[in-house]
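Topology and contacts: notes
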Amino acid sequence: MSDQKEGSSSGNVTSPHVEFRWGNEEALHDAHLVRLIARERRWSGRSNIDWQHEYISQALAFVRRSYAGREMPVLVTPAGALTATLENELEYTPEGHAAAIQDILKQIDLCLPHGNTHATVLIGVDGRKSGVKSVQTAMWWEHGAGIVEGSIAQKLHPAEGEDLLGTRLSLDATDGDPLLGRKRCVRHRILPLVCHEIAIFGGRSEAAVTNKAIIDRRELLEKLAQSPSVRYVAVLAHSLGLHSAGAFLDGMRKLAAPESDVTVAISGFVDEDDLSAVARRFEPTGKHANKVATLLAENAAGA
(Lines give C-alpha, C1' and ligand atoms only; values in the text may rest on other atoms or scores of the structure.)
Protein backbone atom coordinates (compact mmCIF):
# COMPACT_ATOMS: atom_id res chain seq x y z
CA MET A 1 0.00 0.00 0.00
CA SER A 2 1.64 3.17 -1.16
CA ASP A 3 0.38 5.30 1.72
CA GLN A 4 2.08 3.17 4.40
CA LYS A 5 5.46 3.84 5.91
CA GLU A 6 6.97 0.42 6.52
CA GLY A 7 9.51 -0.64 9.08
CA SER A 8 11.32 -3.97 9.35
CA SER A 9 9.51 -7.26 8.80
CA SER A 10 8.66 -7.44 12.50
CA GLY A 11 8.77 -3.73 13.36
CA ASN A 12 6.13 -1.05 13.35
CA VAL A 13 3.98 -0.13 10.39
CA THR A 14 2.18 3.20 10.17
CA SER A 15 -0.89 3.84 8.04
CA PRO A 16 -3.07 6.96 7.89
CA HIS A 17 -5.11 5.39 10.70
CA VAL A 18 -3.06 2.86 12.64
CA GLU A 19 0.39 1.91 13.89
CA PHE A 20 0.84 -1.87 14.26
CA ARG A 21 3.40 -3.66 16.43
CA TRP A 22 3.77 -7.09 17.93
CA GLY A 23 3.07 -7.52 21.62
CA ASN A 24 4.92 -10.86 21.91
CA GLU A 25 7.29 -11.56 19.03
CA GLU A 26 8.41 -14.80 20.69
CA ALA A 27 5.04 -16.37 19.73
CA LEU A 28 5.31 -15.53 16.04
CA HIS A 29 7.27 -18.56 14.89
CA ASP A 30 4.59 -21.15 15.59
CA ALA A 31 1.40 -19.12 16.15
CA HIS A 32 -1.96 -20.67 15.29
CA LEU A 33 -3.85 -17.43 15.76
CA VAL A 34 -3.20 -13.71 16.20
CA ARG A 35 -5.42 -11.71 18.54
CA LEU A 36 -5.83 -7.99 17.89
CA ILE A 37 -5.73 -5.55 20.81
CA ALA A 38 -6.64 -2.18 19.30
CA ARG A 39 -7.16 1.42 20.31
CA GLU A 40 -10.85 2.29 20.42
CA ARG A 41 -12.06 3.87 17.18
CA ARG A 42 -15.47 2.27 16.71
CA TRP A 43 -17.54 5.33 17.35
CA SER A 44 -15.65 7.73 15.10
CA GLY A 45 -18.53 7.77 12.63
CA ARG A 46 -22.15 6.83 12.24
CA SER A 47 -21.38 3.35 11.01
CA ASN A 48 -17.58 3.50 10.89
CA ILE A 49 -17.52 2.46 7.25
CA ASP A 50 -15.10 5.20 6.13
CA TRP A 51 -12.18 4.31 8.41
CA GLN A 52 -12.96 0.59 8.24
CA HIS A 53 -12.27 0.38 4.48
CA GLU A 54 -8.58 -0.51 4.92
CA TYR A 55 -8.34 -1.48 8.57
CA ILE A 56 -8.35 -5.28 8.31
CA SER A 57 -6.33 -5.29 5.08
CA GLN A 58 -3.68 -3.14 6.79
CA ALA A 59 -3.50 -5.57 9.72
CA LEU A 60 -3.14 -8.53 7.36
CA ALA A 61 -0.44 -6.75 5.38
CA PHE A 62 1.56 -6.28 8.56
CA VAL A 63 1.13 -9.92 9.60
CA ARG A 64 2.02 -11.15 6.11
CA ARG A 65 5.31 -9.20 6.12
CA SER A 66 6.23 -10.77 9.44
CA TYR A 67 5.57 -14.29 8.15
CA ALA A 68 7.49 -13.80 4.90
CA GLY A 69 5.93 -16.57 2.82
CA ARG A 70 5.10 -18.94 5.68
CA GLU A 71 1.51 -19.99 6.34
CA MET A 72 -0.29 -17.17 8.12
CA PRO A 73 -2.12 -17.75 11.40
CA VAL A 74 -5.80 -16.86 11.83
CA LEU A 75 -6.34 -13.17 12.65
CA VAL A 76 -9.04 -12.50 15.28
CA THR A 77 -10.43 -8.95 15.50
CA PRO A 78 -12.33 -7.38 18.40
CA ALA A 79 -16.12 -7.45 18.45
CA GLY A 80 -17.63 -4.68 16.35
CA ALA A 81 -14.46 -4.22 14.32
CA LEU A 82 -16.83 -3.63 11.43
CA THR A 83 -20.15 -1.95 12.14
CA ALA A 84 -23.12 -1.05 10.00
CA THR A 85 -26.22 1.09 10.42
CA LEU A 86 -29.13 -1.04 9.24
CA GLU A 87 -31.62 0.29 6.72
CA ASN A 88 -34.55 -1.00 8.78
CA GLU A 89 -35.28 -1.72 12.42
CA LEU A 90 -34.54 -5.28 13.49
CA GLU A 91 -37.35 -7.80 13.41
CA TYR A 92 -36.82 -10.68 15.80
CA THR A 93 -37.86 -13.38 13.37
CA PRO A 94 -35.87 -15.73 11.12
CA GLU A 95 -36.89 -13.52 8.19
CA GLY A 96 -35.76 -10.40 10.04
CA HIS A 97 -32.47 -12.10 10.86
CA ALA A 98 -31.85 -13.01 7.22
CA ALA A 99 -32.66 -9.47 6.10
CA ALA A 100 -30.35 -7.91 8.71
CA ILE A 101 -27.43 -10.19 7.79
CA GLN A 102 -27.82 -9.45 4.08
CA ASP A 103 -27.95 -5.72 4.83
CA ILE A 104 -24.78 -5.95 6.93
CA LEU A 105 -22.90 -8.02 4.35
CA LYS A 106 -23.77 -5.51 1.64
CA GLN A 107 -22.54 -2.58 3.73
CA ILE A 108 -19.26 -4.12 4.88
CA ASP A 109 -18.25 -5.57 1.51
CA LEU A 110 -15.73 -2.80 0.78
CA CYS A 111 -14.20 -3.22 4.24
CA LEU A 112 -13.36 -6.90 3.85
CA PRO A 113 -9.79 -7.99 3.01
CA HIS A 114 -8.78 -7.67 -0.61
CA GLY A 115 -5.85 -8.71 -2.74
CA ASN A 116 -3.82 -11.89 -2.58
CA THR A 117 -3.99 -12.33 1.19
CA HIS A 118 -4.12 -16.15 1.55
CA ALA A 119 -5.48 -15.37 4.99
CA THR A 120 -8.26 -16.37 7.35
CA VAL A 121 -9.90 -13.76 9.59
CA LEU A 122 -12.47 -14.08 12.36
CA ILE A 123 -14.19 -10.69 12.20
CA GLY A 124 -16.44 -9.06 14.80
CA VAL A 125 -19.36 -7.47 12.93
CA ASP A 126 -22.23 -5.49 14.51
CA GLY A 127 -25.34 -3.87 13.11
CA ARG A 128 -28.18 -1.74 14.45
CA LYS A 129 -30.68 0.82 13.27
CA SER A 130 -31.28 2.74 16.49
CA GLY A 131 -31.72 2.23 20.22
CA VAL A 132 -30.56 -0.90 22.02
CA LYS A 133 -31.72 -3.48 19.47
CA SER A 134 -28.70 -4.95 17.73
CA VAL A 135 -27.20 -7.90 15.95
CA GLN A 136 -23.68 -8.79 17.09
CA THR A 137 -21.72 -11.51 15.34
CA ALA A 138 -18.41 -13.17 14.63
CA MET A 139 -17.96 -13.94 10.93
CA TRP A 140 -15.37 -16.16 9.30
CA TRP A 141 -13.70 -14.66 6.22
CA GLU A 142 -11.39 -16.86 4.15
CA HIS A 143 -9.29 -16.11 1.09
CA GLY A 144 -11.08 -17.32 -2.02
CA ALA A 145 -14.40 -17.76 -0.23
CA GLY A 146 -15.17 -14.42 1.42
CA ILE A 147 -17.59 -14.64 4.34
CA VAL A 148 -18.08 -18.38 4.80
CA GLU A 149 -21.71 -19.34 4.40
CA GLY A 150 -23.22 -20.85 7.53
CA SER A 151 -20.33 -19.73 9.73
CA ILE A 152 -21.82 -16.58 11.29
CA ALA A 153 -21.90 -16.86 15.08
CA GLN A 154 -24.65 -14.81 16.69
CA LYS A 155 -23.99 -13.33 20.12
CA LEU A 156 -26.44 -15.16 22.38
CA HIS A 157 -25.77 -13.69 25.83
CA PRO A 158 -26.40 -9.93 26.23
CA ALA A 159 -24.61 -7.42 28.38
CA GLU A 160 -26.81 -5.39 30.69
CA GLY A 161 -29.13 -3.17 28.66
CA GLU A 162 -28.62 -4.99 25.36
CA ASP A 163 -31.49 -6.35 23.30
CA LEU A 164 -29.91 -8.89 20.95
CA LEU A 165 -31.35 -10.57 17.90
CA GLY A 166 -29.37 -13.70 18.77
CA THR A 167 -30.84 -13.95 22.27
CA ARG A 168 -34.39 -13.63 20.98
CA LEU A 169 -33.87 -16.23 18.26
CA SER A 170 -32.17 -18.58 20.72
CA LEU A 171 -35.11 -18.45 23.11
CA ASP A 172 -37.57 -18.97 20.26
CA ALA A 173 -35.59 -21.75 18.53
CA THR A 174 -38.28 -24.10 17.30
CA ASP A 175 -35.75 -26.41 15.63
CA GLY A 176 -34.19 -27.43 18.94
CA ASP A 177 -30.95 -25.51 18.29
CA PRO A 178 -30.62 -22.76 20.94
CA LEU A 179 -26.99 -22.20 19.86
CA LEU A 180 -28.17 -21.18 16.38
CA GLY A 181 -25.77 -23.41 14.47
CA ARG A 182 -22.72 -22.57 16.57
CA LYS A 183 -21.23 -26.01 15.83
CA ARG A 184 -20.90 -24.93 12.19
CA CYS A 185 -18.91 -21.91 13.34
CA VAL A 186 -15.98 -24.02 14.57
CA ARG A 187 -13.24 -23.69 11.96
CA HIS A 188 -9.48 -24.22 12.21
CA ARG A 189 -10.19 -25.74 15.65
CA ILE A 190 -11.35 -22.33 16.87
CA LEU A 191 -14.72 -21.70 18.56
CA PRO A 192 -15.76 -18.01 18.53
CA LEU A 193 -17.48 -16.38 21.49
CA VAL A 194 -18.79 -12.83 21.17
CA CYS A 195 -18.01 -10.51 24.08
CA HIS A 196 -20.22 -11.24 27.14
CA GLU A 197 -20.70 -14.86 26.13
CA ILE A 198 -17.44 -15.56 27.98
CA ALA A 199 -18.79 -13.95 31.17
CA ILE A 200 -21.42 -16.65 31.72
CA PHE A 201 -18.61 -19.11 32.54
CA GLY A 202 -17.24 -17.07 35.45
CA GLY A 203 -17.78 -18.28 39.00
CA ARG A 204 -19.87 -15.26 39.98
CA SER A 205 -22.19 -15.84 37.02
CA GLU A 206 -22.49 -19.54 37.78
CA ALA A 207 -23.48 -18.77 41.35
CA ALA A 208 -25.91 -15.95 40.53
CA VAL A 209 -27.68 -17.09 37.37
CA THR A 210 -30.94 -18.94 37.88
CA ASN A 211 -32.47 -18.37 34.45
CA LYS A 212 -32.86 -21.83 32.95
CA ALA A 213 -32.36 -20.61 29.38
CA ILE A 214 -28.99 -19.07 30.30
CA ILE A 215 -27.92 -22.13 32.27
CA ASP A 216 -28.82 -24.42 29.37
CA ARG A 217 -27.01 -22.16 26.90
CA ARG A 218 -23.90 -22.08 29.10
CA GLU A 219 -23.85 -25.87 29.41
CA LEU A 220 -24.22 -26.35 25.65
CA LEU A 221 -21.46 -23.82 24.90
CA GLU A 222 -19.15 -25.41 27.48
CA LYS A 223 -19.78 -28.86 26.04
CA LEU A 224 -18.98 -27.55 22.57
CA ALA A 225 -15.82 -25.80 23.81
CA GLN A 226 -14.59 -29.08 25.31
CA SER A 227 -15.29 -31.15 22.19
CA PRO A 228 -12.35 -32.75 20.29
CA SER A 229 -12.89 -30.39 17.34
CA VAL A 230 -12.00 -27.34 19.48
CA ARG A 231 -8.53 -26.40 20.67
CA TYR A 232 -8.95 -22.63 20.93
CA VAL A 233 -11.79 -20.42 22.13
CA ALA A 234 -11.46 -16.97 20.55
CA VAL A 235 -13.33 -14.28 22.48
CA LEU A 236 -14.14 -11.17 20.44
CA ALA A 237 -14.70 -8.42 23.04
CA HIS A 238 -15.90 -4.89 22.45
CA SER A 239 -14.02 -3.22 25.28
CA LEU A 240 -11.14 -4.22 27.57
CA GLY A 241 -9.34 -2.24 30.25
CA LEU A 242 -7.08 -2.42 33.27
CA HIS A 243 -10.04 -2.05 35.66
CA SER A 244 -12.91 -3.58 33.70
CA ALA A 245 -14.14 -6.90 32.30
CA GLY A 246 -13.04 -8.91 35.33
CA ALA A 247 -15.84 -11.39 34.60
CA PHE A 248 -14.14 -12.12 31.28
CA LEU A 249 -10.98 -13.19 33.13
CA ASP A 250 -13.00 -15.51 35.36
CA GLY A 251 -14.66 -17.06 32.33
CA MET A 252 -11.34 -17.52 30.53
CA ARG A 253 -9.83 -19.32 33.51
CA LYS A 254 -12.87 -21.59 33.84
CA LEU A 255 -12.84 -22.69 30.19
CA ALA A 256 -9.06 -23.16 30.18
CA ALA A 257 -8.93 -25.13 33.42
CA PRO A 258 -5.82 -27.34 33.87
CA GLU A 259 -7.75 -30.51 33.03
CA SER A 260 -8.93 -28.96 29.75
CA ASP A 261 -7.12 -29.00 26.40
CA VAL A 262 -8.68 -25.63 25.49
CA THR A 263 -6.76 -22.37 25.21
CA VAL A 264 -8.73 -19.12 25.48
CA ALA A 265 -7.56 -15.94 23.74
CA ILE A 266 -9.35 -12.60 23.77
CA SER A 267 -9.26 -9.66 21.34
CA GLY A 268 -10.70 -6.24 22.13
CA PHE A 269 -10.70 -2.47 21.89
CA VAL A 270 -9.01 -0.33 24.55
CA ASP A 271 -10.08 3.21 25.35
CA GLU A 272 -7.44 5.11 27.37
CA ASP A 273 -5.33 2.42 29.04
CA ASP A 274 -1.93 1.27 27.81
CA LEU A 275 -2.37 -1.35 25.08
CA SER A 276 0.52 -3.54 26.23
CA ALA A 277 -0.66 -3.51 29.85
CA VAL A 278 -4.19 -4.52 28.83
CA ALA A 279 -2.81 -7.26 26.59
CA ARG A 280 -0.81 -8.62 29.55
CA ARG A 281 -3.84 -8.52 31.84
CA PHE A 282 -5.87 -10.53 29.35
CA GLU A 283 -3.06 -12.81 28.23
CA PRO A 284 -4.05 -16.11 26.56
CA THR A 285 -4.83 -18.89 29.02
CA GLY A 286 -4.39 -22.62 28.49
CA LYS A 287 -1.99 -25.32 27.31
CA HIS A 288 -1.45 -23.76 23.88
CA ALA A 289 -1.09 -20.13 24.96
CA ASN A 290 2.38 -20.04 23.37
CA LYS A 291 0.72 -20.45 19.96
CA VAL A 292 -1.22 -17.19 20.29
CA ALA A 293 0.46 -14.01 19.03
CA THR A 294 -0.68 -10.54 20.05
CA LEU A 295 -0.94 -7.69 17.55
CA LEU A 296 -1.27 -4.18 18.97
CA ALA A 297 -2.94 -1.44 16.92
CA GLU A 298 -2.49 2.15 18.08
CA ASN A 299 -4.01 5.22 16.48
CA ALA A 300 -1.48 6.93 14.22
CA ALA A 301 -0.50 10.47 15.14
CA GLY A 302 -3.14 12.89 13.91
CA ALA A 303 -5.66 10.11 13.16
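Right, let's get into the overall build of the protein. Counting its secondary structure elements, the protein contains eight helices and 15 strands. By residue count, 55% of the 303 residues in the protein fall in the buried class. Of all intrachain contacts in the protein linking residues separated by at least 6 positions in sequence, the fraction that spans at least 24 positions is 75%. Working note: accessible area of the protein is about 13,200 Å², and carbon and sulfur atoms make up 49% of it.

Ranked by size, the top nonpolar core spans 52 residues in total, and within it Ile198, Val233, Leu240, Phe248, Val264 and Phe282 carry the most contacts. When residues no more than four places from it in sequence are discounted, the contact partners of isoleucine 198 are Leu193, Val235, Phe248, Gly251, Met252, Leu255 and Val264. Counting 45 residues, the second largest nonpolar core, distinct from the first, contains Leu28, Leu36, Ala84 and Ala293.

Attention shifts here to helix H7 (residues 246–255). Note that an α-helix has 3.6 residues per turn; residues three or four places apart therefore point the same way. For H7, the complete set of buried residues consists of Phe248, Leu249, Gly251, Met252 and Leu255. For H7, the angular spread of buried residues about the axis comes to 165 degrees, placing them on one side. On its buried side, H7 packs onto strand S12 (190–194), helix H6 (212–225), strand S13 (232–240), strand S14 (263–270) and helix H8 (275–281).

According to the stated counting rule, one finds 10 salt bridges in the structure shown. One salt bridge connects arginine 253 with aspartate 250, and the closest N-O pair in it is separated by 2.9 Å. Taken together, the residues span about one helical turn, with arginine 253 and aspartate 250 both in helix H7 at a distance of three residues.

An ideal rise of 1.5 Å per residue puts 18 Å on 13 residues; helix H2 (residues 55–67) measures up with 19 Å between its terminal C-alpha atoms. Among all positions of H2, only Tyr55, Ile56, Ser57, Gln58, Ala59, Leu60, Ala61, Phe62, Val63, Ser66 and Tyr67 are buried. Of the residues trailing H2, alanine 68 is marked for its positive phi of about 45 degrees.

Relative to the elements of secondary structure, threonine 77 occurs in the loop between strand S5 (74–76) and strand S6 (82–85). Threonine 77 gets classed as buried once you look at its relative accessible area, which sits at 2%. A sequence separation of 61 residues divides threonine 77 from alanine 138, and the C-alpha atoms of the two residues are 9.1 Å apart. Beyond its immediate chain neighbours, meaning those up to four positions away, threonine 77 contacts Leu36, Val121, Leu122, Ile123, Gly124, Leu236 and Ser267.

On to the packing of aromatic side chains. Under the definition given, this model contains two aromatic pairs. Between the aromatic rings of phenylalanine 20 and phenylalanine 62, the centroid separation amounts to 5.9 Å while the plane-to-plane angle is 25 degrees, which identifies the pairing as stacked. With phenylalanine 20 in strand S3 (residues 18–22) and phenylalanine 62 in helix H2, this pair connects stretches of sequence that are 42 residues apart. Note on phenylalanine 20: relative accessible area 1%, which makes it buried. Ring centres 5.5 Å apart and planes at 35 degrees place the aromatic pair tryptophan 22 and phenylalanine 62 in the tilted group. On the criterion of sequence distance, the pair formed by tryptophan 22 in strand S3 and phenylalanine 62 in helix H2 is long-range, its members being 40 residues apart. This pair shows no difference in class: tryptophan 22 is buried, exactly as phenylalanine 62 is.

Calculation notes
Residues numbered from 1 in each chain as written. Predicted model: local features only at pLDDT ≥ 70, side-chain atom pairs only at ≥ 80, totals over all residues. Heavy atoms only, no water. Helix = DSSP H or I, 4+ residues; strand = E, 2+ residues; numbered from the N terminus. Buried < 20%, exposed > 50% of the residue type's maximum accessible area, 1.4 Å probe, protein only. Contact = heavy atoms within 4.5 Å. Areas by Shrake-Rupley, 256 points an atom, 1.4 Å probe, with all protein chains shown as cover. Core = buried A, V, L, I, M, F, W, Y, C linked by side-chain atoms within 4.5 Å. Arc of directions from axis to C-beta. Salt bridge = Lys/Arg side-chain N within 4 Å of Asp/Glu carboxyl O. Expected span 1.5 Å × (residues − 1). Phe/Tyr/Trp six-rings, centres within 6.5 Å; stacked < 30°, edge-to-face > 60°.

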